[in-house]
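Results of the structural survey
The residues making up each chain are set out below.
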Amino acid sequence: MQYVTLNNGIKMPSIGLGTYGLQGQKGVKIMQNALQIGYRLFDTAQMYENEKEVGIALATQSLKDSSLQTKEFGVFSTHSTTHLDSNSIVDSSTTPISNPHKQSAHRESSEVSSNDLSRPLQKNELFITTKLSSNMSYKKAWQSIEGSLQNLGLEYVDLLVIHEPYANAKEMYKACEEAYHKGLIHAIGISNFYGRFLEDFLDSVRVKPVLNQVQAHIFFQQHTLQKFLESKGIHLQAWSPLACGKNGIFANKTLQNIATAHHKSTAQIALKFLLDKGMSIIPKASNLKRLQENLTLFDVSLTQKERDSITQLDTNKSLFGWDC
């Protein structure tokens, strides 16, 4: 796995699993599979209504750290059964994850030994993102942060994101900044922030966001936004990096030709292009083959000619109606 160093010094995997739509026992199983094959970044949100499932997947993967102290959370009582919904029950007999929030979460290098999948994982090898997903007051934001931690069964999250440019975004961010200083979150981010709203927002904060998570893929490459963010020391993370399968991305001739030359899939080429641009990516996947494919990108070296041909696919237009 390769890592991105964020502006506050912590390291984040450059590839993660987007968990939108992963719910119930099936969602837990998919996330457990992802952990077993090497995923270390999991991106959830209050809006996804699956923070509990993420927490169960983590807690039932025998994540152990001898330096950790145990702490009971309402979601994961030891030797209890946690109900995901009326049709799905998972036995969560593992003690919930709990750990000190400072040094262990800051990776010393990109050579974290996560390739040995036969041993129990350490919590400091994981990077968990969640998001505040509605417009709310400062007080409500604090309550939501505490609620997310309880749902996840964690004492801290690695990254907390304001999901959209809400009217109360500045007030919400103040709560995030305080939670950051208390060690409840290790980094703060924003999502779908653009233009004047973004510029004005950045002028108001005390703790600079580490990233802006936005729609980015080969058809909407976000050149201007990425350049602006880089000038501010803010990373661009791509949601929907495979464009939700739109615009015939998997049958695109340019991608197919490049994929054939590298013995890869079109999806792998589309994702590697974004990584080469310096973005991190959180593609969604549910079947094991796609989960594995999305991780095996680092052995691909695109030529400048290949990158230029993919750059020409950019339409500079959103494929969705809710972020631009």
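Residues numbered from 1 in each chain as written. Predicted model: local features only at pLDDT ≥ 70, side-chain atom pairs only at ≥ 80, totals over all residues. Heavy atoms only, no water.

1. Notes on the layout of surface pockets
Here the largest pocket is characterised by a volume of approximately 680 Å³. Forming the walls of the largest pocket are 28 residues, and the residues nearest its centre are Y20, W239, S240, C244 and K284. A per-class count over the lining of the largest pocket returns 13 nonpolar, 11 polar and 4 charged. (1 Å grid on protein atoms, 1.4 Å probe; cavity = no way out; pocket = protein on both sides within 12 Å on 5 of 7 lines; lining within 4 Å. Points joined across faces, edges and corners; volume = space filled by probe spheres on them. Nonpolar A, V, L, I, M, F, W, Y, C, P; charged D, E, K, R; others polar.)

2. What about the packing of helix α4 (residues 169-181) against helix α5 (residues 195-204)?
Put simply, α4 and α5 touch, their axes get as near as 11 Å, and they point 40 degrees apart. As judged from the angle between their axes, α4 and α5 are oblique. α5 is crossed by α4, and the crossing has right-handed handedness. Contacts between α4 and α5 pair A169, K170 and Y173 from the former with F197, D200, F201 and S204 from the latter. (Axes fitted to C-alpha atoms, helices over the stretch in contact; angles between N-to-C directions. Helix = DSSP H or I, 4+ residues; strand = E, 2+ residues; numbered from the N terminus. Parallel < 35°, antiparallel > 145°, perpendicular 65-115°, else oblique. Left-handed = near helix turned anticlockwise from the far one by under 90°. Contact = heavy atoms within 4.5 Å.)

3. Side note on the confidence of the model for the chain
Should the pLDDT be low somewhere, the predicted coordinates at that spot are not to be read in detail. Residues of the chain with pLDDT of at least 70 account for 80%, and the chain-wide mean is 85. Below pLDDT 50 for its whole length, residues 64-114 participates in 114 contacts with residues either more than four positions away or in separate chains. (pLDDT = per-residue confidence, 0-100.)

4. Concerning the nonpolar core
When a protein is soluble and globular, its nonpolar side chains tend to lie buried together. L132, I162, I218 and I310 are the most contacted members of the largest nonpolar core, which has 76 residues in total. The element that contributes the greatest number of residues to this core is helix α8 (residues 266-276), accounting for 7 residues. Look past the residues within four positions of I218 in its chain and what remains in contact with it is I249, L255, A270, F273, I310, L313 and D314. (Core = buried A, V, L, I, M, F, W, Y, C linked by side-chain atoms within 4.5 Å. Buried < 20%, exposed > 50% of the residue type's maximum accessible area, 1.4 Å probe, protein only.)

5. Regarding the packing of aromatic side chains
Centre distance and the angle of the planes are the two values used to describe a pair of aromatic rings. For the structure shown, the criterion picks out 5 aromatic pairs. With centroids separated by 5.2 Å and ring planes inclined at 70 degrees, the aromatic side chains of Y20 and Y48 adopt a geometry described as edge-to-face. Of this pair, Y20 sits in the loop between β3 (17-18) and α1 (24-37) while Y48 sits in the loop between β4 (41-43) and α2 (51-59), placing them 28 residues apart in sequence. Judged by its relative accessible area of 12%, Y48 falls in the buried class. Aromatic side chains F193 and F201 sit 5.0 Å apart centroid to centroid with 70 degrees between the ring planes, which places their arrangement in the edge-to-face category. Accessibility expressed as a relative area gives 0% for F201, which makes it buried. Through a chain of ring-to-ring contacts, three or more aromatic side chains come together here, namely Y173, F193, F197 and F201. The ring of F250 has R290 lying over it, and the distance from NZ or CZ to the ring centre is 5.4 Å. (Phe/Tyr/Trp six-rings, centres within 6.5 Å; stacked < 30°, edge-to-face > 60°. Lys NZ or Arg CZ within 6 Å of the ring centre and 35° of its normal.)

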